[in-house]
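Here are the chains, one letter per residue:
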Amino acid sequence: MRSGVFEVDGAGLYYEVRGSGPALLMISGAGGDAGYYSGIAETLSDAFMVISYDRRGNSRSSGRSQTPMELDVQAADARALVDGLAGGRALVFGNSGGAIIGLTLAALHPEVMAGLVAHEPPAVNVLPDGDPGRDFFADLAALYERGGASAAGRRFAETIRGEGTYRWPADLWKRFLGNQDHLFGTEWPGFTAFRLDETALKSAPFPVVLGAGAEDRGTYYALPSIEIARRIGVPWVEFPGIHMEFLRNPAQFAAAVRVLATGMHSRTGDVPHLWQGGTAQ
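Residues numbered from 1 in each chain as written. Predicted model: local features only at pLDDT ≥ 70, side-chain atom pairs only at ≥ 80, totals over all residues. Heavy atoms only, no water.

Peer 1: Outline the packing of helix α2 (residues 71-85) against helix α3 (residues 97-108), supporting the account with residue identities and numerical values.
Peer 2: Two packed helices can be described by the angle between their axes and the distance between those axes. Interhelical geometry of α2 versus α3 gives an angle of 75 degrees and a closest axis separation of 9 Å. Looking at the two axes, α2 sits roughly perpendicular to α3. Taken together, the residues of α3 that come into contact with α2 (itself represented by Leu71, Asp72, Gln74, Ala75, Ala78 and Arg79) are Ile100, Ile101, Thr104, Leu105 and Leu108. Taken together, the residues that form the contact of α2 with α3 break down as seven nonpolar, two polar and two charged. (Axes fitted to C-alpha atoms, helices over the stretch in contact; angles between N-to-C directions. Helix = DSSP H or I, 4+ residues; strand = E, 2+ residues; numbered from the N terminus. Parallel < 35°, antiparallel > 145°, perpendicular 65-115°, else oblique. Contact = heavy atoms within 4.5 Å. Nonpolar A, V, L, I, M, F, W, Y, C, P; charged D, E, K, R; others polar.)

Peer 1: Kindly report on the packing of helix α4 (residues 136-158) against helix α6 (residues 180-192), identifying the contributing residues and their values.
Peer 2: Orientation of α4 relative to α6, taken along the N-to-C sense of each, is 170 degrees, at an axis distance of 10 Å. By the criterion of interaxial angle, the relationship of α4 to α6 is roughly antiparallel. On the side of α4, the interface is formed by Phe136, Phe137, Leu140, Ala141, Tyr144, Ala149, Ala152, Gly153 and Phe156, while α6 contributes Gln180, Asp181, Leu183, Phe184, Gly185, Trp188, Phe191 and Thr192. Classifying every residue of the contact of α4 with α6 gives 12 nonpolar, four polar and one charged.

Peer 1: Residues and numbers for the sheet that holds strand β1 (residues 2-8), please.
Peer 2: In space, the eight strands of this open sheet follow the order β1-β2-β4-β3-β5-β6-β7-β8, with mixed pairing throughout. Unpaired on one side and paired on the other, β1 and β8 (236-239) mark the two borders of the sheet. Neighbouring strand axes in the sheet, compared pairwise and without regard to direction, differ in orientation by 25 degrees on average. Bridging between strand β3 (residues 23-27) and strand β4 (residues 49-53) involves four bridges; their strand directions are parallel. (Pairing = 2+ DSSP bridges.)

Peer 1: Lay out the layout of surface pockets with the relevant residues and their values.
Peer 2: Computed from the structure, the largest pocket encloses a volume of approximately 470 Å³. Taken together, 23 residues line the largest pocket, and the ones lying closest to its centre are Ala157, Glu163, Trp168, Trp173 and Phe176. For the lining of the largest pocket, the secondary structure elements donating two or more residues are α4 and α5 (170-178). When residues of the lining of the largest pocket are assigned to their parent elements, the largest contribution, five residues, is made by α4. For the lining of the largest pocket, the per-class residue count stands at 12 nonpolar, eight polar and three charged. (1 Å grid on protein atoms, 1.4 Å probe; cavity = no way out; pocket = protein on both sides within 12 Å on 5 of 7 lines; lining within 4 Å. Points joined across faces, edges and corners; volume = space filled by probe spheres on them.)

Shown next as structure tokens:
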């Protein structure tokens, strides 16, 4: 693994790169930390050049601000990383808020996308009127105003199935706690404002797949993936496990990502040399 800091407009983005082969950019959700993907990135590095990063203002990246951040800034950061580290084109995997950023990137900057896997984007505005999940972002924002980041963070964790049943890496947990004010104070308005660009995504010149975990059926953060797939006419797949299965069982989750990413890359018959014999470097 090699790491560094990539300079973008107004921030330095900490990144990690593992392996060689087709580029696979992995975008984290709440907390925005590359450490979420350390396990699966290592597993996938025999076939892909896996790029993970701390999103702007999170963990080891700079650019923290008190000004609410719009999603086009998050998408521009991801595009800059693809341009600078991946030669201008990459497959993209995003989980949770990272899936929302991936959908935004696909709509705004399709030229850098070789494919998108959006895992459990909590795009609650696509849920039916009257669904209690539609109030998720507003409720957490109100709780943050009343009780601060700790109260909002505790409530957030309570809504995610499986949290508390496994142990996070200590360094990742420490960094996550330090990111909570940035999450709820700066990033939350952008996630709240997300609206699906159906026109752009329907005409995307690359494969798009939505998906959710087998243990998350019926949750406010899994159901939107089904509705988004229906609206834009793309496949939906079931992943193993829970919202953060890549932390709980990285080998199993990586196997699911491998199948999708390999199929996306090779769909036109463009099979990389490393898959044609020998070993990855």
